[in-house]
Amino acid sequence: MSLRRRLLALFALTVFVSVAAVTGIVSAMARSAFDRANDQRTAALVAQFRREFARRGDEVSRKIQAVAATSESSRIALAAARPAPDYSVFLDDAQTIAETQQLDFLEFVDDQGTIISSSQWPAKFGYKEPLVTPIPSADPFLKEEETPAGPALGLFAIRTVPAGDRKLCVIGGIHLDKTFLASLELPAGMRVLLYENLDRNNFLPDHLIGAADSTIDPQEFAPLIRQVQQTNVQQSNAQKSVGEAGAVIHGNANSNSGDDADETVNAIPLTGESNQLLGVLLVASSRQIYTELSGQIRSAALLAAAVGLVMAVLLSSWAAARVTRPVEELAHAAREIAGGNWNAQVKSTSRDEIGQLADSFNHMTRDLLDQRDRLVQAERVAAWRELARRLAHELKNPLFPLQLTVENLLRAREQGQQQFDETFQESASTLLAEISHLKTIVGRFSEFSRMPQPQFQAVDLDQLAGVVVKLHKAQLSGVGRPPIEIRLELSAAEPIAADPELLHRALSNLVLNAIEAMPDDGTLTLRTCSSRDSAAIEVSDTGNGLSQEDCARLFTPYYTSKVGGTGLGLAIVQSIVSDHGGRISVNSEPGQGTTFMIELPANRDKLPTNTPKENP
Amino acid sequence: MKPCNLLLLAANSLLWLGVWSGVATMPALAESRPHYGGTLRVAMKEAPQTLDPAAAGVPASISRMIFETLVALDERGRPQPLLATLWQSDLGNQRWRFFIRGGVSFSDGSPLDSVAVAASLHNSNPQWKVSAAADMVMIETESADPDLPAELALERNSIVRRSASGGKLSGTGPFVIAQWDAGKHVSLTANEQYWAGRPFLDSVQLDLGKNDHDQMLSLDLAKADVVEVAPESIHRERAENRMVMTSEPVELMALFFAHDPSSEDETHARNALALSIDTAAVNNVVLQGGGEPSGALLPNWISGYAFVFSAAGYAAAGNTTAESMDRARQERAQAKHVLAWTLGFDASDAVARVIAERVLLNARDAGITLQLISGGSPDLRLVRIPPSSSDPHVVLAELAKVLQLPQPHCENDSTADLYSAEKVLLQSHRVIPLLHLRSAVAQRSNVHDLNPLPDGTWSASNVWLSGEKP
């Protein structure tokens with residue numbers, strides 16, 4: 001990945017992380033604030049409900065007390081006190097009185113629990129009302145009342161009317177319905193519903209009552225109500241006072257949860273005298289404000305992120321223009337120099353660190369050029385000196401015998417013709433041999449200096465290796481010596497561009513050196529491999545190996561460890577490899593054999609078009 | 001003063017004393033004797049849209065003031081001559097001859113003759129073959145009908161002269177239609193030419209469509225002289241010292257199933273329902289004793305054997321005791337698969353609602369599920385069937401007709417035959433009789449001789465008002 005893209009990614013990531021962090025923090029704070037406000041409103045509404053419940057309970061109690069104090073109640077009580085009371089005349093009394101007192105439920109029950117008159121179910125006369133045995137407390141209470149239309153939930157109170165040693169029970173109440181809910185003053189965004197838990201184990205959608213129920217979907221509240229039913233929160237004390245409902249259970253309306261819910265719903269269990277769950281008051285607080293706020297925050301965050309991304313692109317582009325271009329120019333210049341163009345320069349357009357780096361690079365390049373020139377000159381001088389030394393060394397050997405022979409001839413001439421004739425033939429032979437030696441030295445020197453430039457062709461290295469091995473088969477067979485094992489590991493699938501003759505010569509030199517390094521026996525291994533851009537040849541032997549010193553000087557002209565060697569073979573190999581643009585190296589340890597590795601570039605661009613592949 | 005003068009003075013004083021005493025007692029004596037004059041004001045709940053007796057819904061009390069039948073039934077249900085003086089039957093009671101009373105005319109002045117009678121009877125009974133001849137009308141029925149005279153006493157067989165357009169109705173009754181406001185008010189004036197003698201009243205004003213409360217209020221405010229009293233109000237109104245006249249228990253209140261039992265299980269369930277209903281509690285409490293629990297279709301005062309159907313062993317409603325409820329539960333237990341039933345009732349009748357709810361409770365105690373509905377097509381219905389006659393055969397036939405049951409077949413008019421016919425109807429398990437309700441009217445003290453008939457109807461033909469100057 002380029003620096004420009006890394007900068008872009010870094011800037012973008014920074015922007016996103018920052019925006020996300022800020023958005024998250026703001027959203028969390030907003031949610032927390034909303035939840036606090038919602039809890040306060042809910043607590044206020046619950047408190048209001050409890051007050052209203054208590055007020056209604058007191059109202060019911062007063063009404064029942066008023067009913068109990070009427071003459072009708074006294075008349076009924078007196079009738080009930082008789083030995084064989086006739087309740088038939090009182091059938092409609094409860095209904096009449098209930099209408100007067102605006103009660104939804106009213107029953108007159110004797111102390112045996114027999115219903116004398118019932119307003120909510122007149123036909124129930126004579127049936128038993130289990131509530132009065134024993135008579136519950138005087139406080140108002142919730143009760144599930146059976147009516148012809150089905151069970152109904154009501155707020156009840158009970159009073160007794162004494163009549164001698166008997167008593168009449170007056171039980172009445174109001175229906176907890178829409179009217180009751182409508183009496184609750186609700187803040188904006190809140191609504192209250194009442195679920196009549198008349199089926200203890202199941203959720204009945206028809207029993208969910210709302211103050212304005214045109215849009216209620218009961219199924220939204222089913223999970224919460226089932227939770228309340230299962231939990232059936234019990235308080236340690238009996239429900240002595242209305243409004244002391246069970247612990248509030250929180251939930252969400254609709255199938256979504258968390259912040260996506262439309263409402264936060266608090267469920268308040270309403271229990272009866274025996275702590276049975278009779279109803280559930282649902283206080284729903286709209287999360288619309290929070291949802292809208294969250295949406296706004298999210299939109300702002302997205303906008304900020306988009307702006308940030310645009311700025312990141314612009315900034316990264318500017319940074320790239322400011323930073324990466326000079327660096328790229330530097331890198332390009334470095335590549336130029338590595339490729340051999342020592343004159344590559346970097347334009348310095350600023351005075352900052354990048355400009356200083358460019359100046360330094362240019363300065364370094366110039367210094368390198370100077371040093372290279374000096375080095376080249378020095379190497380040239382050194383090479384000439386080495387060559388002169390080698391030449392002097394090589395020439396000195398045959399020159400000394402020449403001098404001795406000429407001096408012998410001069411002494412022999414002074415000693416007489418006979419002595420001179422005896423010495424002349426031997427001396428002449430010696431002179432000719434040494435002159436031939438000198439000519440060989442000069443010839444090799446001349447040959448080394450006239451190494452031709454490679455003529456590139458497509459060369460199959462595997463095939464070349466096979467030819468070289470075949471050429472030296474005789475030496476490898478070991479006439480007069482133990483045979484040498486040949487191991488070929490040829491896998492150069494791709495031909496390369498090379499001079500087949502020069503490569504043949506280089507490979508032959510290496511093979512001959514390897515053979516000579518294994519005078520007894522051994523194994524000669526040739527390996528080839530190639531890739532799209534390069535190829536490699538390895539020649540390994542299992543001879544005595546070379547020391548580190550020998551390895552360092554191995555490719556120096558005229559350096560040899562062989563008796564009678566010219567010291568130019570490996571230099572020629574190196575020269576050929578170098579002319580191909582390759583590299584040769586040696587890996588050897590004393591006693592562990594030697595391996596020469598030649599790495600050659602493919603140089604396919606140097607192939608002339610339609611050049612057939614030729615091998616020697 | 002001379003002795004003779006004293007004697008004359010004493011005699012004069014005595015004479016005047018006697019005169020004034022007589023004058024003082026004359027109103028009391030006069031008040032106890034009927035006299036002509038006055039307008040009887042009546043309030044009624046029914047609101048008929050027509051006064052044609054051939055149409056359903058016309059109260060018999062109104063119809064009888066305007067129209068008359070060939071035959072009337074006495075308090076024992078025996079046919080008596082009215083517009084027909086004599087009748088004969090032959091062909092095994094399949095052909096009847098009725099001799100028309102002479103000297104009777106319709107309120108429009110036209111004479112009552114056999115042609116008019118035949119036309120009227122044909123209008124109300126198209127299936128009869130009615131022919132007129134001289135002063136006689138001959139009626140041929142499709143089958144033997146020994147109860148034809150009693151049938152002719154039904155209000156729908158009143159003799160009516162209908163105008164060509166059908167809008168004007170004329171009868172031979174003691175009163176004539178003076179003004180008719182359909183469903184609201186009808187004014188009747190005395191028929192001066194009434195063949196049985198002009199009625200005492202000059203007129204009768206009937207306010208129609210008044211509920212019980214408004215009727216009683218009218219009575220209390222002296223805006224009405226006669227009002228109807230619902231059965232459940234009889235006891236209370238009497239307790240408030242109102243003058244209430246009641247009839248025998250005549251109106252049948254029953255549970256009627258829309259269909260025959262579909263299985264033996266359902267038959268058991270229906271029996272269980274009948275046994276579970278506490279009709280005594282309904283009568284004593286809901287109706288305040290305004291009826292009579294009964295297991296029969298015909299009230300006992302008509303049939304004489306109604307008590308038989310309340311006996312144990314016969315699956316009919318009766319006074320519920322613990323034993324009866326146990327029997328109901330046992331009967332219910334024999335029904336393995338029974339669906340819940342819907343019970344329909346008249347939603348405008350508050351008493352019917354209470355009775356229906358009581359039936360629901362009793363049924364629930366026996367393990368039968370009922371659901372109350374006030375419309376639609378319920379499985380069973382709480383019905384009230386007013387009496388049509390005091391002849392038992394006619395009543396039974398009319399009940400079967402109203403309840404859409406097969407017509408009872410009686411070989412003769414014996415009680416045993418009647419009992420068998422009624423038993424067949426009850427064994428169809430389509431109807432569960434509950435009670436027979438009384439009819440009642442409350443009247444002001446100035447109304448005299450308003451005597452309700454046993455069948456719950458009353459007639460104003462002999463009513464007179466006291467305290468009204470002619």
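Everything numeric in this text was worked out from a predicted model, so none of it was measured. As a convention, each chain's residues are numbered from 1 in the sequence order in which they are written. In the order they appear in the text, chains get letters beginning with A and ligands get numbers beginning with 1. Only residues with pLDDT of at least 70 are given local features in this predicted model, and only at 80 or more are side-chain atom pairs given and counted; all residues enter the totals for whole chains, interfaces and linings. Side-chain measures here rest on the full set of heavy atoms in the structure, leaving out hydrogens and waters.

### Digging into the interface of chain A and chain B
What counts is decided by this rule: Residue contacts are defined here by distance: any two heavy atoms, one from each residue, within 4.5 Å place the two residues in contact. By convention, the term buried area covers the 1.4 Å-probe accessible surface removed from two parts as they join, with the contributions of both added. Salt bridge, as used here, is a side-chain nitrogen of Lys or Arg placed within 4 Å of a carboxyl oxygen of Asp or Glu. Under this definition, polar contacts are N or O atom pairs within 3.5 Å; protein pairs additionally need one hydrogen-donor-capable and one acceptor-capable atom, and for neighbouring residues in sequence, both atoms have to be side-chain atoms. Under the scheme applied here, ten amino acids are nonpolar (Ala, Val, Leu, Ile, Met, Phe, Trp, Tyr, Cys and Pro), four are charged (Asp, Glu, Lys and Arg), and all others, including Gly, are polar.
Every contact between the two is made by eleven residues of chain A and, on the other side, 14 residues of chain B. Between chain A and chain B lies a buried interface of about 1,200 Å² when both sides are counted; carbon and sulfur atoms form 62% of it. Three residues, S88(A), F125(A) and Y127(A), lead the burial of chain A against chain B; their summed loss comes to 43% of the area buried on that side. In this structure, the connection of chain A to chain B is made through one salt bridge. In this structure, E146(A) and R364(B) form a salt bridge, with 2.2 Å as the shortest nitrogen-oxygen distance. In this assembly, chain A and chain B are joined by eight residue pairs in polar contact (both at pLDDT 80 or more). The residue inventory of the side of chain A that touches chain B, partitioned by class, reads eight nonpolar, one polar and two charged.

### Things to note about the sheet that holds strand β12 (residues 484-491) of chain A
Residues and elements named next belong to chain A. So the rule is basically this: Should DSSP find at least two bridges between two strands, the strands are taken to pair. Helical segments are the DSSP runs of H or I of at least four residues, strand segments are the runs of E of at least two, and each set is numbered from the N terminus. Only the stretch in contact is used when fitting a helix axis, every axis being a line fitted to C-alpha atoms; angles between N-to-C directions are given from 0 to 180 degrees.
Reading across the sheet, the five strands line up as β12-β14-β15-β17-β16 and stay open at both edges, with mixed pairing between neighbours. Only two strands of the sheet have a single neighbouring strand rather than two, namely β12 and β16 (583-588). Here the average twist between neighbouring strands, direction ignored, is 10°. Of the strands in this sheet, β12, β14 (522-530), β15 (534-541), β16 and β17 (594-601) touch helix α11 (residues 500-516), which is tilted by about 25° from β15.

### Here's the deal with the confidence of the model for chain A
Spelled out, the test is: pLDDT expresses, on a scale from 0 to 100, how confident the predictor is about each individual residue.
Taken as a whole, chain A shows an average pLDDT of 82; of its residues, 89% reach a score of 70 or greater. Low pLDDT, under 50, characterises residues 233-247 of chain A; the predicted model gives this stretch 38 contacts beyond four residues in sequence or across chains.

### Remarks on the sheet that holds strand β4 (residues 150-163) of chain A
Residue and element names in this part refer to chain A. Spatial ordering of the open sheet is given by β2-β1-β5-β4-β3, a layout of five strands whose pairing is antiparallel. Strand pairing shows two members of the sheet lacking a second neighbour, β2 (115-118) and β3 (141-147), which therefore form its edges. For this sheet the average axis-to-axis angle between neighbouring strands, irrespective of direction, equals 35°.

### Notes on the packing of helix α8 (residues 279-286) of chain B against helix α11 (residues 350-365) of chain B
Residue and element names in this part refer to chain B. Short version of the rule: With respect to orientation, any angle under 35 degrees is reported as roughly parallel, any angle over 145 as roughly antiparallel, any angle of 65 to 115 as roughly perpendicular, and every other angle as oblique. Should the near helix be turned counterclockwise from the far one by less than a right angle, the crossing is left-handed, whereas a clockwise turn marks it as right-handed.
Between α8 and α11, the shortest axis-to-axis distance is 11 Å and the interhelical angle comes to 150°. As judged from the angle between their axes, α8 and α11 are roughly antiparallel. When you trace α8 past α11, the crossing you get is right-handed. Contacts from A281, V282 and V286 of α8 reach α11 at V351, V354, I355 and R358. Its residues assigned to classes, the contact of α8 with α11 comprises six nonpolar, no polar and one charged.

### Regarding α8(B)
Owing to its 3.6 residues per turn, the α-helix aligns residues three or four sequence positions apart on the same side. Residue and element names in this part refer to chain B. Note the cut-off: The classification of residues rests on relative accessible area computed with a 1.4 Å probe and restricted to protein chains. Under 20% of the type maximum is buried, over 50% is exposed, and intermediate values are partly exposed.
Here α8 lies mainly inside the structure; seven of its eight residues are buried. Among the residues of α8, T279, A280, A281, V282, N283, V285 and V286 are the ones counted as buried. Buried residues along α8 sit in contact with β15 (291-293), α11 and β19 (431-443). Phi for Q288, located one or two positions after α8, is positive at around 55°.

### Structural notes on helix α12 (residues 392-402) of chain B
Residues and elements named next belong to chain B. Of all eleven residues in α12, eight are buried, a share of seventy percent or more. Buried within α12 are the following residues: P392, H393, V394, V395, L396, E398, L399 and A400. Lining the buried residues of α12 we find α4 (148-152), β14 (243-257), α9 (300-303), β18 (380-385) and α13 (415-426). At the N-terminal end of α12, a side-chain oxygen is found 3.0 Å from the backbone nitrogen of H393, two or three residues along, and the residue is D391. Just beyond α12, the residue with positive phi is Q404, at close to 60°.

### Some remarks on the nonpolar core
Counted only if it meets this: Nine residue types can take part in a nonpolar core, namely buried Ala, Val, Leu, Ile, Met, Phe, Trp, Tyr and Cys, and a core is a set of them joined through side-chain atoms within 4.5 Å.
L255(B), L273(B), I355(B), L370(B) and L382(B) are the most contacted members of the largest nonpolar core, which has 48 residues in total. By residue number, the principal contributor to this core is α11(B), which donates nine residues. Non-local contacts of L255(B), meaning those with residues more than four positions away in its chain, are made with L273(B), I277(B), L343(B), V359(B), L380(B), R381(B), L382(B), R430(B), V431(B), I432(B) and L434(B). Ranked by size, the runner-up nonpolar core spans 43 residues in total, among them I64(A), A98(A), L155(A) and I174(A).

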